[in-house]
Amino acid sequence: MKLGILASGGGTNLQSLIDASEAGGGSAEITVVISNNSNSGALKRAAKHGIPALHLSGRTHPDLAKLDRAILHGLLDHGAEFTALAGYMKKLGPETLSRYRNRITNIHPALLPDFGGQGMYGLHVHQAVLAAKRTMSGATVHLVDSAYDEGPVLAQQSVPVKADDTPDSLQGRVLCIEHRIYPQTFQEISDGLIYIGDGTPPLVIRPLRLKTLESGGTFFGAFLENDMVGSAAIEPARDDGDTWYVEKLGVVPRRQSTGIGTILLDHACRGAAYFGAKAVSVRLIDKDTHLKSWYRQRGFEETGTRDFNHLPFTVCFMKRRLCGG
Ligand code: GRF
């Protein structure tokens, strides 16, 4: 995946993305770095790694519309499919926002939606977290819309706040997490583990980082404007490494019949395939002919039924073969 990066400052997040891409196996290739600050560490880091580095600002383009267009062309000319903001202190213009709609990410040093918005940057964020006596903080990767720090969350990871933390010490701990989750987010987008729809607002499906799935499975949440509207879990079958179960596939009542269930099911199948599954299975109540036909229409075939002592109904197993399976 080709990434254009916009950064204003030291560029340590940019560096984490460069390092991931140079380490190989990294999915994101950084094709251009743009900064409003001609002296930024970000531009120096880009130059050091042979990445095209552009200084585009109110100084090079006093007219805001022309600056917007120059940034957009800087990205498009270098083939950027996604634009990642990494400590970019300016707002993006309407043309760039519209051309890269649902394809612009930002990283924020707190657990959004808390401690985001105007004025929440740098040490101000960590000062506010400490003043609010929070015991947890963290980092958030999210999609950018025209509002500050409000777009859909793509990844979030928390860190503890310690009793003797200063804004500086907390910033250091959060920054370590940022450097891990930003490259990981692009890896997961490119591996198909994070889904970003085309709608307004976009449907986002992402792994929920729960510690409870000891089976090695993954729980996915589907979100619209950061409201959870559905879920699906995948986990390997205990007795058959080639088959993974899809469980907990559901959509909240208000959002049913809108196609989210099918998108979630396809996402779960893609996730299982990513982890090496050759087929996915579901377990249903045998008498539930409506649900069985829903799965049949989506490529599943009945493979058998079974009675369990602890269940007052017969269970039907249905299977869908995955590509290559
Ligand atoms: C990071 O804390 C990031 O979360 C925020 O700006 C800071 C940029 O740091 N958006 P760096 O320039 O990547 O070191």
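Conventions adopted
Residues numbered from 1 in each chain as written. Predicted model: local features only at pLDDT ≥ 70, side-chain atom pairs only at ≥ 80, totals over all residues. Heavy atoms only, no water. Phe/Tyr/Trp six-rings, centres within 6.5 Å; stacked < 30°, edge-to-face > 60°. Helix = DSSP H or I, 4+ residues; strand = E, 2+ residues; numbered from the N terminus. Buried < 20%, exposed > 50% of the residue type's maximum accessible area, 1.4 Å probe, protein only. Lys NZ or Arg CZ within 6 Å of the ring centre and 35° of its normal. Patch = residues over 30% accessible without salt bridge, like charges linked within 9 Å, V, L, I, M, F, W, Y side chains within 5 Å. Areas by Shrake-Rupley, 256 points an atom, 1.4 Å probe, with all protein chains shown as cover. Salt bridge = Lys/Arg side-chain N within 4 Å of Asp/Glu carboxyl O. Lys, Arg positive; Asp, Glu negative; His and termini not counted. Charge placed at Lys NZ, Arg CZ, Asp CG, Glu CD. Expected span 1.5 Å × (residues − 1). Contact = heavy atoms within 4.5 Å. Polar contact = N/O pair within 3.5 Å; in protein donor to acceptor, adjacent residues only side chain to side chain. Pairing = 2+ DSSP bridges. Axes fitted to C-alpha atoms, helices over the stretch in contact; angles between N-to-C directions.

Q: Could you clarify how one ought to interpret the packing of aromatic side chains in this entry?
A: The relative placement of two aromatic rings is captured by the distance of their centres and the angle of their planes. Throughout the structure, instances matching the rule amount to six aromatic pairs. Ring centres of F82 and F186 lie 6.2 Å apart, and the angle between their planes is 80°; on these two criteria the pair is classed as edge-to-face. Of the two residues, F82 is situated in strand β4 (residues 82–85) and F186 in helix α6 (residues 167–191); the sequence distance between them amounts to 104 residues. The buried category is assigned to F82, whose relative accessible area is 7%. Of the aromatic side chains, those joined through ring pairs into one cluster are F82, Y182 and F186. In this structure, R206 is placed above the aromatic ring of F223, and the distance from its NZ or CZ to the ring centre is 4.1 Å. Lying over the aromatic face of Y245, R283 brings its terminal NZ or CZ to 3.7 Å of the ring centre.

Q: Just checking my understanding: could you explain the environment of G119 for this structure?
A: With respect to the secondary-structure elements, G119 resides in the loop between β5 (104–108) and α5 (123–131). Spatially, the C-alpha atoms of G119 and Y148 are 9.8 Å apart, while their sequence positions differ by 29 residues.

Q: Looking at this structure, I do not really get a negative patch on the surface. What am I missing?
A: A cluster of acidic residues, D145, E150, E225 and D227, forms a negative patch at the surface. Secondary-structure assignment places D145 in the loop between β6 (136–143) and β7 (153–160). Owing to a relative accessible area of 34%, D145 belongs among the partly exposed residues under this scheme.

Q: Even after reading the chapter, I still don't get α6, so can you show me in this structure?
A: Every α-helix carries 3.6 residues per turn, so stepping three or four residues along brings you back to the same face. Helix length check: α6, at 25 residues, gives a terminal C-alpha distance of 35 Å against a target of 36 Å (1.5 Å per residue), a fit within 8%. Residue G192 follows α6 closely and has a positive phi angle near 85°.

Q: Got a minute to help me understand the environment of T31 in this structure?
A: Positionally, T31 belongs in strand β2 (residues 29–35). Separated by 30 residues in the primary sequence, T31 and M1 have C-alpha atoms spaced 9.7 Å apart. The contact partners of T31, leaving out residues within four places of it in the chain, are K2, L3, I51, P52, H78 and A80. One polar contact links the side chain of T31 to the main-chain carbonyl oxygen of H78, over a distance of 2.9 Å.

Q: What is the right way to look at the sheet that holds strand β13 (residues 279–285) in this model?
A: Strand pairing in a sheet is mediated by backbone hydrogen bonds. Such pairs are either parallel or antiparallel. Read across the sheet, eight strands follow the order β8-β9-β10-β11-β12-β13-β15-β14 without closing on themselves; strand pairing throughout is mixed. Only two strands of the sheet have a single partner each, and these edge strands are β8 (195–196) and β14 (301–307). Of the pairings in the sheet, the one linking strand β12 (residues 243–251) to β13 comprises three bridges and is parallel in character. In the strand pairing of β13, T243 is matched with A279. This element, helix α7 (residues 260–274), spans β8, β9 (203–208), β10 (218–224), β11 (227–236), β12, β13 and β15 (314–321) of the sheet and lies at about 155° to β12. Of the strands in this sheet, β12, β13, β14 and β15 are in contact with helix α8 (residues 289–296), which crosses β13 at around 165°.

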